[in-house]
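# A look at the structure
Here is how the chains run, residue by residue.
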Amino acid sequence: MDIEIKNLKVFNGVEFVARSARVSGVGKVRCDCEGGCERCSGTGLREPTDEEIFEMIVENDYSSALEHVVFSFEIHGLSKGNALELLEHRIASHTGRSTRYQSELGFGYCLAPEVERVLRRNRIPESTYREYVEGRGALPELPERDRKVLESYAGAMRCAREAYARLLELGAGRESARYTLPFALHTAYTYTINLRSLINFLGLRLCVRASPEMRELAAKLYIAVREKFPWISLVWCRGYNQGACPENEVRDSPQGRECPFKNPESSVFIPTKKQVRSGIELRPFSRQEFERVRERLLERWAQSSGSG
Ligand SMILES: Cc1cc2nc3c(=O)[nH]c(=O)nc-3n(C[C@H](O)[C@H](O)[C@H](O)COP(=O)(O)OP(=O)(O)OC[C@H]3O[C@@H](n4cnc5c(N)ncnc54)[C@H](O)[C@@H]3O)c2cc1C
Ligand SMILES: [Zn+2]
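Residue positions are given per chain, counting from 1 as you read along its sequence in written order. All chains are assigned letters beginning at A, and all ligands numbers beginning at 1, according to the order in which they are written. Local features in a predicted model are, by the rule used here, given only for residues with pLDDT of at least 70; side-chain atom pairs are given and counted only at 80 or more, and totals for whole chains, interfaces and linings are based on all residues. To obtain the side-chain values, all non-hydrogen atoms of the structure were used and water was disregarded.

For this analysis, a ring pair means two rings from Phe, Tyr or Trp (six-membered ring only for Trp) whose centres lie within 6.5 Å, classed as stacked if their planes differ by under 30 degrees, edge-to-face if by over 60, and tilted for the remaining angles. In total, this model carries 11 aromatic pairs according to the counting rule given. With 5.2 Å between their ring centres and 90° between their planes, Tyr222 and Trp236 make a pair best called edge-to-face. With Tyr222 in helix α9 (residues 212-228) and Trp236 in the loop between α9 and α10 (238-242), this pair connects stretches of sequence that are 14 residues apart. In terms of burial, Tyr222 and Trp236 fall into one category: buried. An aromatic cluster of three or more residues is present, and its members are Phe54, Phe71, Phe229 and Trp231. Here, over-ring charges are defined by two tests on the NZ atom of lysine or the CZ atom of arginine: distance to the ring centre within 6 Å, and angle to the ring normal within 35 degrees. The side chain of Arg130 reaches across the aromatic face of Tyr109, ending 4.6 Å from its centre. Of note, Arg161 hangs over the ring of Phe107, and the distance from its end group to the ring centre comes to 5.4 Å. A run of DSSP states H or I qualifies as a helix once it reaches four residues; a run of E qualifies as a strand once it reaches two. Both are numbered from the N-terminal end. Note on classification: 1.4 Å probe, protein chains only; a residue is buried when its accessible area is under 20% of the maximum for its type, exposed when over 50%, partly exposed between these limits.

Here it is as structure tokens:
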């Protein structure tokens, strides 16, 4: 719930990718006129538009040309723990908030997925809970187990904040005090990634198997990028991008339970690679239904780390 994408900038665009592809060489496409027109000089074959070249490159995975499009932005409110998952994506540049140079007194923190679920189930506003963590106000009536979850989490945040402050008071310095900071600690990054690598990132993280917070990050990034670079809607999860899901048996495990693309009877069925190889019969894929499913997932994942 905490992640924010700010100051997104896009360097180069579809025309630049098309130009680079033309340097390499691009074949003609069939003209949709009947009997010849100016665009094809009557030959029935014409030069492709920038957009057609771009789509062909994405679709055919001639991806080096996509490296010319670059996105820079800031990520705020990511947990320090899951920042490590972000950094596993090696083909990107990042500058992170320093816990040596910046003070984390009274630090901001993410709510764990289970804490978000408990709050939602019991209709407790996040702000009420955060007040409670600060020592202001009490929790309402709750089932015993849910109360314990909220109390334990609040206790951990308070304890870390107190230990951090105490070590600073004792003159230990930020460099030492920071060892008391939790996985949930808010961190921030300035991040630069090219389109090829971004497609790889989104493909992996816009998936029910990705961790909830990484899904939240991917969904928010997808939405922010789409505002300035609508072509990103050509891509989604790896299964969609490749026409076959590489998750294979994992899709039927509890983690894959919520995948909206795994039902062979649905109009947005995406087979696993294994199913393709075993010759499964495919129904026509509905782009319209896919778009509906995608918007639902984006809304849900961007809203909360705690869902699903
Ligand atoms: C659901 C899920 C679960 C995961 N679980 C774990 C886990 O349990 N433990 C864990 O450590 N990680 C885990 N990861 C992280 C995962 O293994 C990748 O490190 C991460 O997703 C980054 O992907 P990437 O390597 O494709 O991206 P990048 O590092 O950005 O690389 C992009 C592409 O460049 C190429 N490339 C990059 N570096 C090399 C290289 N050295 N050699 C050859 N080709 C290269 C590859 O084609 C790669 O796909 C998980 C990821 C997901 C989505
Ligand atoms: Zn024509």
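Moving on, we come to the site of ligand 1. Note on definitions. A residue lies near a molecule or strand when any single heavy atom of the residue is within 4 Å of it. In the neighbourhood of ligand 1, the contacting residues comprise Glu88, His89, Arg90, Ile91, Ser197, Asn200, Leu204, Arg205 and Arg209. Any pair of N or O atoms that falls within 3.5 Å is considered a polar contact. Within protein, one atom must be able to donate a hydrogen and the other to accept it, and sequence-neighbouring residues count only if both atoms are side-chain atoms. One of the backbone N or O atoms of Arg90 is found 2.7 Å from an oxygen atom in ligand 1. Within the side chain of Arg205, one N or O atom sits 3.4 Å away from an oxygen atom of ligand 1. Summarising the interface, the protein chains cover 44% of the accessible area of ligand 1, which totals 940 Å² for the free molecule. Gly is put with the polar residues, along with every residue not named as nonpolar or charged; the nonpolar set is Ala, Val, Leu, Ile, Met, Phe, Trp, Tyr, Cys and Pro, and the charged set is Asp, Glu, Lys and Arg. Classifying every residue of the shell around ligand 1 gives 2 nonpolar, 3 polar and 4 charged. Accessibility throughout is a Shrake-Rupley quantity obtained with a 1.4 Å probe, and a residue counts as covered only by protein chains that appear here.

The next subject is the sheet that holds strand β4 (residues 70-79). When DSSP finds two or more bridges between a pair of strands, those strands are recorded as paired. On the basis of which strands lie adjacent, the open sheet formed by 4 strands has the order β1-β4-β6-β5 and antiparallel pairing. Both outer strands of the open sheet, β1 (4-11) and β5 (93-96), are each paired with one neighbouring strand and no more. Averaged over all adjacent pairs, the angle separating strand axes in this sheet is 15°, with direction ignored. Pairing analysis gives 6 bridges linking β1 to β4, with the strands arranged antiparallel. Directly across from Glu4, in β4, lies its bridge partner His76. Any pair of residues with heavy atoms lying within 4.5 Å of one another is described as a contacting pair. Where helices are involved, their axes are fitted lines through C-alpha atoms of the stretch in contact, as for all axes, and angles between N-to-C directions lie from 0 to 180°. Together, β4, β5 and β6 (186-194) form the strand contacts of helix α3 (residues 80-87), whose direction differs from that of β4 by roughly 155°. Against the sheet, α9 contacts β1 and β4, and its axis sits at roughly 45° relative to β1.

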